[in-house]
Amino acid sequence: MAEAFDVIKEGASDAPVRILLAHGAGAGMEHEFLSRLSALLAGPDIEVVRFNFPYMSKRAQDGKRRPPDRQPVLLAHWREMVRAFAHPGLFLAGKSMGGRMAAELYQDGENEMNAAGLLILGYPFHPPAKPESWRGEVLKQIKTPTLLLQGERDTFGSRAELADFPFSPAVSVHWLTDGDHGFKPRKASGVSEQENLQQAADRIRAFIAATRVSG
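Predicted model, so just to flag it, every value in this text is computed and none were measured. (Residues numbered from 1 in each chain as written. Predicted model: local features only at pLDDT ≥ 70, side-chain atom pairs only at ≥ 80, totals over all residues. Heavy atoms only, no water.)

> I'd like a description of the nonpolar core, backed by residues and values.
Of all hydrophobic cores here, the largest spans 37 residues; its most connected members are Leu20, Phe53, Trp78, Leu92, Phe125, Leu139 and Leu148. Among the elements that take part in this core, helix 3 (residues 71-84) stands out by supplying six residues, more than any other. Every residue in contact with Leu20, bar those within four places of it in the chain, is listed here: Val49, Phe51, Trp78, Met81, Val82, Phe85, Leu90, Phe91, Leu92 and Ala93. In terms of nonpolar packing, the next biggest core, distinct from the first, is built from 23 residues, Ile46, Ala93, Leu176 and Phe207 among them. (Core = buried A, V, L, I, M, F, W, Y, C linked by side-chain atoms within 4.5 Å. Buried < 20%, exposed > 50% of the residue type's maximum accessible area, 1.4 Å probe, protein only. Helix = DSSP H or I, 4+ residues; strand = E, 2+ residues; numbered from the N terminus. Contact = heavy atoms within 4.5 Å.)

Here it is, written out as structure tokens:
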């Protein structure tokens, strides 16, 4: 059943941890950010399964750009992926929109996801330059162990903007030095993009280890 989905698998199929990784709104599972991060995570102890949402699978087939599917379709696909790739050490992960949709699965007391935790890579708190279009409420209420990795100068929600945001106690926040929405810093920061990606991977590994021990 699982093989019918549009996925890329890396790491050992019998690894004790499986990360289901969703893409953001504008680029699919083959995007360089996801490829590089997956390479840093995948191995004998972690299997990373990247997947496309339906609209991105269609784009991959015919080359036509499409807007993201509506939220009910995105959430339904997430649920299908969780069922198809069920695993005792399952973590849901997503870049931007993909991470936001993973968090939305837990709204309204929906807890059938059978995942140990969430990994959110650059949460889109609002569209760039449109702070009035706020969409971060779920991170005030979520009860599932969640790691939020966010660039300090992310135009979708920067460190300065979120200084007083009342995150749920279940949310651990880590800021990537001078990072943008893809964690890329400016040269003047003294930090490289690869260093930020490595730090993100290290944080993910530490979070997974701590969550599995406490769980």
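> Residues and numbers for the pairing of strand 6 (residues 146-151), please.
Among the six residues of strand 6, six are classified as buried, and the element is accordingly described as predominantly covered. Residues Thr146, Leu148 and Gln150 line one face of strand 6 and the alternating positions Leu147, Leu149 and Gly151 line the opposite face, and both faces are buried. When strand 5 (residues 117-121) meets strand 6, the two strands line up parallel, connected through four bridges. The partner of Leu118 across the bridge, within strand 6, is Thr146. Relative to strand 7 (residues 171-176), strand 6 is paired through six bridges, and the arrangement is parallel. Across the sheet, Leu148 pairs through a bridge with Val173, a residue of strand 7. (Pairing = 2+ DSSP bridges.)

> Go over unusual backbone geometry with me, naming the residues and quoting the values.
A positive phi angle, near 50°, is found at Ser96, a position not held by glycine. Here Ser96 shows up in the loop between strand 4 (90-95) and helix 4 (97-104). Taking the relative accessible area as the measure of exposure, Ser96 reaches 9% and is therefore buried. In this structure, Asp178 takes a positive phi of about 55° despite not being glycine. Position of Asp178 among the secondary structure elements: in the loop between strand 7 and helix 6 (193-214). On the basis of relative accessibility, which here comes to 11%, the residue Asp178 falls in the buried class.

> Any details on the packing of helix 3 against helix 4? Residues and values, ideally.
Where helix 3 meets helix 4, the axes come as close as 10 Å, and the angle between the chain directions of the two elements is 75°. With respect to their mutual orientation, helix 3 and helix 4 come out roughly perpendicular. Contacts between helix 3 and helix 4 involve Gln71, Leu74, Leu75 and Trp78 on the former and, on the latter, Met97, Gly98, Arg100, Met101, Ala102 and Glu104. Tallied by class, residues from the contact of helix 3 with helix 4 come to six nonpolar, two polar and two charged. (Axes fitted to C-alpha atoms, helices over the stretch in contact; angles between N-to-C directions. Parallel < 35°, antiparallel > 145°, perpendicular 65-115°, else oblique. Nonpolar A, V, L, I, M, F, W, Y, C, P; charged D, E, K, R; others polar.)

> Can you lay out helix 3 for me, pointing to particular residues and giving the numbers?
Between the first and last C-alpha of helix 3 there are 20 Å, a value that for 14 residues agrees with the 20 Å anticipated at 1.5 Å per step. Among the residues making up helix 3, those that are buried are Leu74, Leu75, His77, Trp78, Met81, Val82 and Ala84. Contacts made by the buried residues of helix 3 are with strand 1 (7-10), strand 2 (17-22), strand 3 (46-51), helix 2 (54-62), strand 4 and helix 4. (Expected span 1.5 Å × (residues − 1).)

> Tell me what's going on with the sheet that holds strand 2, and back it up with residues and numbers.
On the basis of which strands lie adjacent, the open sheet formed by seven strands has the order 1-3-2-4-5-6-7 and mixed pairing. Looking at which strands have only one partner, the edges of the open sheet turn out to be strand 1 and strand 7. Strand-to-strand, the axes of this sheet are offset by a mean angle of 20°, without reference to chain direction. Along the sheet, helix 1 (residues 32-41) makes contact with strand 1, strand 2, strand 3, strand 4 and strand 5, crossing strand 3 at roughly 165°. Packing against the sheet, helix 4 makes contact with strand 2, strand 4 and strand 5, and its axis sits at approximately 135° to strand 4.

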